[in-house]
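# Understanding the architecture of this molecule
Next come the chains, spelled out residue by residue.
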Amino acid sequence: MKPVPPATSLRRAPVQRRSAERLTRILDACADLLDEVGYDALSTRAVAQRASVPIGSVYRFFGNKRQMADALAQRNLDRYTVRVTERLRQAGADGGWRTAMDVVLDEYLEMKRTAPGFSLVDFGNQIPVGSRAEPNHRVADRLTELLSGYLDREPDEELRRVFLVAVETADTLVHLAFRVAPEGDQRIIDEAREMLRAYLARVLD
């Protein structure tokens, strides 16, 4: 089970600060428009207008809206990693894997509820930016890298497989919870949390 390489959807990586700021505005506009009009009605021209940049600036980074959405998904994963890392730093190592699991799930739920465009793009699962399997593999790889030190475990194939099973389970049940209720059905979320705890207790205790 080899790690999945990071998605690379940018035609050209920003070098100067001005270009990086322009790319941020483009992705922010893309996220807002996804919430407003959905993926099918999204256009590069509308993104350029919302971001107040020339259409050529969008095409400098992206060949089409699919690449733009893919980049947004990758940015979501990067921001998610930062949020989880900060929460774990604040929590300390005393809580072990149970604290880590709650942080991982709670931060995902928070982004699901509040991050613009996340309900459609997620980490790449929701719209055709690649196969459904690849984003979950990338999340599992990122969690293996992030949590192995916190859990004092080797980031080996066994730990990667454990996190992949947990990510696939959480992904399915959280999406079910948000199909049932706009903010996520709490009873389904509670069931998901219990299932994850039972599975992880068997393999991590």
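Structural data are supplied above this passage.
Quick caveat: nothing in here was measured; it's all calculated off a predicted structure.

Procedures and definitions
- Residues numbered from 1 in each chain as written.
- Predicted model: local features only at pLDDT ≥ 70, side-chain atom pairs only at ≥ 80, totals over all residues.
- Heavy atoms only, no water.
- Helix = DSSP H or I, 4+ residues; strand = E, 2+ residues; numbered from the N terminus.
- Buried < 20%, exposed > 50% of the residue type's maximum accessible area, 1.4 Å probe, protein only.
- Contact = heavy atoms within 4.5 Å.
- Phe/Tyr/Trp six-rings, centres within 6.5 Å; stacked < 30°, edge-to-face > 60°.
- Lys NZ or Arg CZ within 6 Å of the ring centre and 35° of its normal.
- Core = buried A, V, L, I, M, F, W, Y, C linked by side-chain atoms within 4.5 Å.
- Salt bridge = Lys/Arg side-chain N within 4 Å of Asp/Glu carboxyl O.
- Axes fitted to C-alpha atoms, helices over the stretch in contact; angles between N-to-C directions.
- Parallel < 35°, antiparallel > 145°, perpendicular 65-115°, else oblique.
- Left-handed = near helix turned anticlockwise from the far one by under 90°.
- Nonpolar A, V, L, I, M, F, W, Y, C, P; charged D, E, K, R; others polar.
- 1 Å grid on protein atoms, 1.4 Å probe; cavity = no way out; pocket = protein on both sides within 12 Å on 5 of 7 lines; lining within 4 Å.
- Points joined across faces, edges and corners; volume = space filled by probe spheres on them.

### A word on the overall build of the protein
Looking only at helices and strands, one finds nine helices and zero strands in the protein. Along the protein, from the amino end to the carboxyl end, the secondary structure elements read α-α-α-α-α-α-α-α-α. The buried share of the protein, reckoned over its 205 residues, is 47%. Here the contacts in the protein between residues at least 6 apart in sequence split such that 70% fall between residues at least 24 apart.

### Some thoughts on the packing of aromatic side chains
Inspection of the entire model under this criterion finds five aromatic pairs. On the basis of an interplanar angle of 50° and a centroid distance of 6.3 Å, the ring pair of Phe 61 and Phe 62 is categorised as tilted. For the pair formed by Phe 61 and Phe 62, the shared burial category is buried. Members of the aromatic cluster, joined through ring pairs, are Tyr 80, Tyr 108, Phe 118 and Phe 123. Geometry around Phe 178 places Lys 112 over its ring, the cationic atom sitting 5.6 Å from the centre.

### Quick look at the nonpolar core
Judged by nonpolar contacts, the single largest core of 39 residues is most densely connected at Tyr 80, Leu 143, Leu 147 and Leu 200. Put simply, the parts of the chain that give this core at least two residues each are helix H4 (65-91), helix H5 (96-114), helix H7 (133-151), helix H8 (157-180) and helix H9 (186-204). A per-element tally of this core places H8 first, with 10 residues. Those residues in contact with Leu 143, other than ones at most four positions away along the chain, are Tyr 80, Val 104, Ser 148, Phe 163 and Val 167.

### Regarding the pattern of salt bridges
In total, this model carries 17 salt bridges according to the counting rule given. Salt-bridge contacts for Glu 21 lead to Arg 17; the nearest nitrogen and oxygen are separated by 3.1 Å. Of this pair, Glu 21 and Arg 17 are both found in helix H1 (residues 17-37), four residues apart, which corresponds to roughly one turn of the helix. By relative accessible area, which is 68% here, Arg 17 ends up exposed. Lys 112 is the partner of Asp 122 in a salt bridge, and the nearest nitrogen-oxygen pair spans 3.6 Å.

### Overview of the packing of H5 against H8
Between H5 and H8, the shortest axis-to-axis distance is 12 Å and the interhelical angle comes to 40°. Overall, the two elements H5 and H8 adopt an arrangement that is oblique. In this structure, H5 meets H8 at a crossing whose hand is right-handed. Across the interface between the two elements, Leu 105, Tyr 108, Leu 109, Lys 112 and Arg 113 from H5 touch Asp 171, Val 174, His 175 and Phe 178 from H8. Grouping the constituent residues of the contact of H5 with H8 by class yields five nonpolar, one polar and three charged.

### Regarding the packing of H1 against helix H2 (residues 44-51)
Packing of H1 against H2 leaves a shortest axis separation of 8 Å and a crossing angle of 115°. Along this stretch, H1 crosses H2, giving a crossing that reads as right-handed. Of H2, the residues touching H1 (which contributes Arg 25, Ile 26, Ala 29, Cys 30, Asp 32, Leu 33 and Glu 36) are Ala 46, Val 47, Arg 50 and Ala 51. Of the residues that constitute the contact of H1 with H2, the class distribution is seven nonpolar, no polar and four charged.

### Considering empty space enclosed by the protein
For the structure shown, the criterion picks out one cavity of 30 Å³ or more. In this structure, the largest cavity spans a volume of roughly 310 Å³. Along the wall of the largest cavity there are 23 residues; nearest its centre are Tyr 80, Val 104, Leu 143, Val 167 and Ala 170. Mapped by element, the contributors of at least two residues to the lining of the largest cavity are H5, H7, H8 and H9. For the lining of the largest cavity, the leading source of residues is H5, giving six residues.

Purely spatial values, then, with no claim about function.
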